[in-house]
Amino acid sequence: MVNEETLYDVAELFKVFGDSTRIKILFVLFEQEMCVCDLAESLSMTDSAVSHQLKILKQAHLVKARRDGKQMFYSLADDHVRTIINQGIDHVNE
């Protein structure tokens, strides 16, 4: 059996995936890394709203940030993120 702390962490991770806006952001980041302003434009959202969601995604280790001058660029943290979402889509489509 998996220990209690690990189960709690997994539940917290799935809570992050429970928001469609965050899923949309992750989908956009499937293609390429992007700055907040480009993400906001592609999703028809405000920079502030995207930044808020990115903070949550970053805290959950689902995205990573890279600074280039004054701008931050965001990308998927690793291939596990893509796998989790793709498996979720496969499950929903069955």
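Whatever comes next refers back to the structure up there.
Bear in mind the structure is a predicted one, so any value in this text is a computation, not a measurement. (Residues numbered from 1 in each chain as written. Predicted model: local features only at pLDDT ≥ 70, side-chain atom pairs only at ≥ 80, totals over all residues. Heavy atoms only, no water.)

(A) Examining the overall build of the chain more closely. Of the regular secondary structure elements, the chain holds 5 helices and 3 strands. Listing each helix as α and each strand as β along the chain from the N terminus yields α-α-β-α-α-β-β-α. By its C-alpha atoms, the chain is 45 × 30 × 20 Å across when sized along the principal axes. A burial count over the chain gives 28% of its 94 residues as buried. Within the chain, contacts between residues separated by at least 24 positions form 51% of all contacts whose residues are at least 6 apart in sequence. Each charge class in the chain can be summarised by its mean position, and for the 10 positive and 15 negative side chains these summaries are 8 Å apart. (Helix = DSSP H or I, 4+ residues; strand = E, 2+ residues; numbered from the N terminus. Buried < 20%, exposed > 50% of the residue type's maximum accessible area, 1.4 Å probe, protein only. Contact = heavy atoms within 4.5 Å. Lys, Arg positive; Asp, Glu negative; His and termini not counted. Charge placed at Lys NZ, Arg CZ, Asp CG, Glu CD.)

(B) Fine view of the sheet that holds strand 2 (residues 63-68). With antiparallel pairing, 3 strands are arranged side by side in an open sheet as 1-3-2. Sheet topology places strand 1 (34-35) and strand 2 at the edges, where each strand pairs with a single neighbour. As paired elements, strand 2 and strand 3 (residues 71-76) share 6 bridges and run antiparallel to each other. Across the sheet, residue Arg67 finds its bridge partner in strand 3, namely Met72. (Pairing = 2+ DSSP bridges.)

(C) Focus on the packing of helix 2 (residues 20-31) against helix 3 (residues 36-43). The interhelical angle for the contact between helix 2 and helix 3, taken along N-to-C directions, is 110°, at an axis separation of 11 Å. Comparing the axis directions of helix 2 and helix 3 gives the class roughly perpendicular. For helix 2 against helix 3, the interelement crossing comes out right-handed. Residues Lys24, Ile25, Val28 and Leu29 of helix 2 lie in contact with helix 3, whose contacting residues are Leu39, Ser42 and Leu43. Counted by class, the contact of helix 2 with helix 3 contains 5 nonpolar, 1 polar and 1 charged residues. (Axes fitted to C-alpha atoms, helices over the stretch in contact; angles between N-to-C directions. Parallel < 35°, antiparallel > 145°, perpendicular 65-115°, else oblique. Left-handed = near helix turned anticlockwise from the far one by under 90°. Nonpolar A, V, L, I, M, F, W, Y, C, P; charged D, E, K, R; others polar.)

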